Amino acid sequence: MSFNLTFIGQSIAFFFFWWFCAKYVWPLFMNIMEERRQKIADGLEAAARAQKDLELAQAKSTDQLKVAKVEAAGIIDLANKRGSQIVDEAKDQAKEEAKRIIAGAQAEIEQEVNRAKEALRTQVSAIAIAGAEKILEGSIDQAANEDMLNKLASEL
Amino acid sequence: MAELAEAGHAVAEHGAEQTVQEYIQHHLSFLTYGRNPIDGHWGIAHTPEEAAEMGFWAIHVDTLGWSIVLGAAFLLFFRYIGKRATAGTPNGIQNFVESIFEFVEARVSEGFVHKNPYIGPLALTIFVWVLLMNTMDIIPVDWFTGLATLIGEYVFGLEHMSFKIVPTTDVNITMGMSVSIFALILYYSVKMKGLGGFLSELAFHPFGKWMLPFNLIIELPTLFAKPISLGLRLFGNLYAGELLFLLIASMLGLFQLPAHFLWAGFHLLVIPLQAFVFMMLTIVYLNAAHESHDH
């Protein structure tokens, strides 16, 4: 239990180590702890922000869905209208076409009738001439009677 | 087992030459370097008597050396880990160092309510340093001492060279720290309260100015008891532990092994506890030094 220079030496070592620790060791760990605390705080904040963003996005998507639904309904309405319009137009066209075809057919029938009449008329005049020839037994000048016969034929 | 062999060697073979008393004295002496009081030369003391004659002008190379080696090892290791450490997920060794740091930091923020950025480093230095110095007590008593004695005998020609490896069993070491802390108590008391404030705290507490002598009788011993109790508590605990290891090693012969284990088990509680107590008391004393009783 005797005091000597060891006592002084230990005191010097003590103050030196304290200084070294305060300058070169303690701040390292203090900074790491602070950095980690900051990191955790940032992480929590980011998570909260992400949550908020998610909620916003969900609200936005719901809104967009509503708008889209309304738009889609409009488009379907328009399409239905257009469809019925096309059907109507087609009906009209078909009716006109039918009328045209009927008119064409009637004209053709008329033409056919006229032709038949013409043919009949010619044949009737020939029969009449032949009959008259038979009746008269004589030769009638074909040319002299042509006009008369044509007149007769047109009257038929 | 080497310890067993060493002790057996000391007691059995050299029993005739070295008594139990000599064995213990050998282990309780320091490797002392100092000024010979007769011829004035500096050198290693060859006998405990010579070391004692050196008086103040001597240095315990072994305990102070180990103290500095352990303190430097602790600080360099912590700095190395702190340099490599990241704020991300800490790996094994960083985790270990950080848990010590956080433990000390928590004690400081609990026990020290004032603002002083140097108290944290002080507490960390004291705790880990004292813990390491105490832990040297677990190393079997004859390993280093036996080796050093052999080296001293065959390399330096010193007979029975002593070599203590537990710095905290040297009262110079523990008191060196506690008196340094006492200096800090005085420094911060004067800095925070002013010289007048500090002196009035000693003179006018707890009974007011008319009882000044009584106040001084109470306050001054309280003040000076702080470093003495702080240093002697640590020294006493570790010295007693060391002594018991020596008694076991020198007197129990072959039965020493279980006894060593048993005592080492108990001592494992004392080692961190004393380091912790030393740190806590430092924090508490310095907290009180920062406190000003304005009235």
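Bear in mind the structure is a predicted one, so any value in this text is a computation, not a measurement.

1. So, the nonpolar core
Here comes step 1: One finds Ala123, Leu124, Ile126, Phe127, Trp129 and Val130 of chain B to be the most contacted residues of the largest nonpolar core, which totals 67 residues.
Here comes step 2: Considering each element in turn, this core owes the most residues, twelve residues, to helix H6 (residues 119-135) of chain B.
Here comes step 3: When sequence neighbours within four positions are dropped, the list of residues in contact with tryptophan 129 of chain B reads Phe17 of chain A together with Leu70, Gly71 and Phe74 of chain B.
Here comes step 4: The next biggest cluster of nonpolar side chains, apart from the first, holds five residues, and it includes Val141, Phe245, Leu246 and Ile248 of chain B.

2. With respect to the interface of chain B and chain A
A common way to state how big an interface is: give the accessible area lost once the parts meet.
Here comes step 1: With 37 residues of chain B in contact, the opposing surface of chain A contributes 27 residues.
Here comes step 2: Looking at the side of chain B that touches chain A, the elements with two or more residues in it are strand E3 (58-60), helix H4 (61-84), helix H5 (92-111), H6 and helix H8 (171-203) of chain B.
Here comes step 3: Residues that form the side of chain B that touches chain A fall into these classes: 22 nonpolar, eleven polar and four charged.

3. Re the sheet that holds strand E2 (residues 42-44) of chain B
Residues and elements named next belong to chain B.
Here comes step 1: The strand order across the open sheet built from three strands is E2-E1-E3, with neighbouring strands paired in antiparallel fashion. If you trace the sheet from one side to the other, it starts and ends with E2 and E3, each paired once. Between one strand axis and the next, the sheet turns through 15° on average, direction left out of account.
Here comes step 2: Where strand E1 (residues 32-35) and E2 come together, three bridges link them in antiparallel fashion. Each residue of the ladder has a partner; that of tyrosine 33, found in E2, is isoleucine 44.
Here comes step 3: Here H4 sits on the sheet in contact with E1 and E3, set at roughly 55° to E3.

4. A word on the pairing of E1 of chain B
Here is the key point about a regular strand: its side chains alternate between the two faces of the sheet.
Here comes step 1: In this structure, E1 of chain B lies alongside E3 of chain B, joined through three bridges in antiparallel fashion. Residue pairing across strands places tyrosine 33 of chain B opposite isoleucine 59 of chain B, the latter belonging to E3 of chain B.

5. Here we look at the packing of H8 of chain B against helix H9 (residues 212-251) of chain B
A pair of packed helices is characterised by two quantities: the angle between their axes and the separation of those axes.
Residues and elements named next belong to chain B.
Here comes step 1: The N-to-C vectors of H8 and H9 enclose an angle of 155°; their axes lie 7 Å apart at closest approach. As summarised for this structure, H8 and H9 are arranged roughly antiparallel, according to the angle between their axes. Here H8 and H9 pass one another in a crossing that is right-handed. Contacts between H8 and H9 pair Val171, Thr174, Met175, Met177, Ser178, Val179, Ile181, Phe182, Ile185, Leu202 and Ala203 from the former with Leu212, Asn215, Leu216, Glu219, Leu220, Leu223, Lys226, Pro227, Leu230, Gly231, Leu234 and Phe235 from the latter.
Here comes step 2: Looking at side-chain class alone, the contact of H8 with H9 contains 17 nonpolar, four polar and two charged residues.

6. Some details on H5 of chain B
Here comes step 1: Compared with the 28 Å implied by 1.5 Å per residue over 20 residues, the 29 Å span of H5 of chain B between its first and last C-alpha is a close match.
Here comes step 2: Taken as a whole, H5 of chain B has its buried residues at Val97, Phe101, Val104 and Val108 of chain B. For H5 of chain B, the angular spread of the buried residues around the axis is 65°, confining them to a single face. Pointing more than 90 degrees away from the buried face of H5 of chain B are the exposed residues Gly92, Asn95, Phe96, Ser99, Glu102, Ala106, Ser109 and Glu110 of chain B.
Here comes step 3: On its buried side, H5 of chain B packs onto helix H1 (5-136) of chain A together with H4, H6 and helix H10 (256-290) of chain B.

7. A closer look at H6 of chain B
Here comes step 1: The first and last C-alpha atoms of H6 of chain B sit 24 Å apart over 17 residues, in line with the 24 Å expected at 1.5 Å per residue.
Here comes step 2: Within H6 of chain B, 16 of the 17 residues are buried, which leaves the element mostly enclosed by the surrounding structure.

Rules and cut-offs
Residues numbered from 1 in each chain as written. Chains lettered and ligands numbered in written order. Predicted model: local features only at pLDDT ≥ 70, side-chain atom pairs only at ≥ 80, totals over all residues. Core = buried A, V, L, I, M, F, W, Y, C linked by C-beta atoms within 7 Å. Buried ≥ 20, exposed ≤ 12 C-beta atoms within 10 Å, placed from the backbone. Helix = DSSP H or I, 4+ residues; strand = E, 2+ residues; numbered from the N terminus. Contact = placed C-beta atoms within 7 Å. Nonpolar A, V, L, I, M, F, W, Y, C, P; charged D, E, K, R; others polar. Pairing = 2+ DSSP bridges. Axes fitted to C-alpha atoms, helices over the stretch in contact; angles between N-to-C directions. Parallel < 35°, antiparallel > 145°, perpendicular 65-115°, else oblique. Left-handed = near helix turned anticlockwise from the far one by under 90°. Expected span 1.5 Å × (residues − 1). Arc of directions from axis to C-beta.

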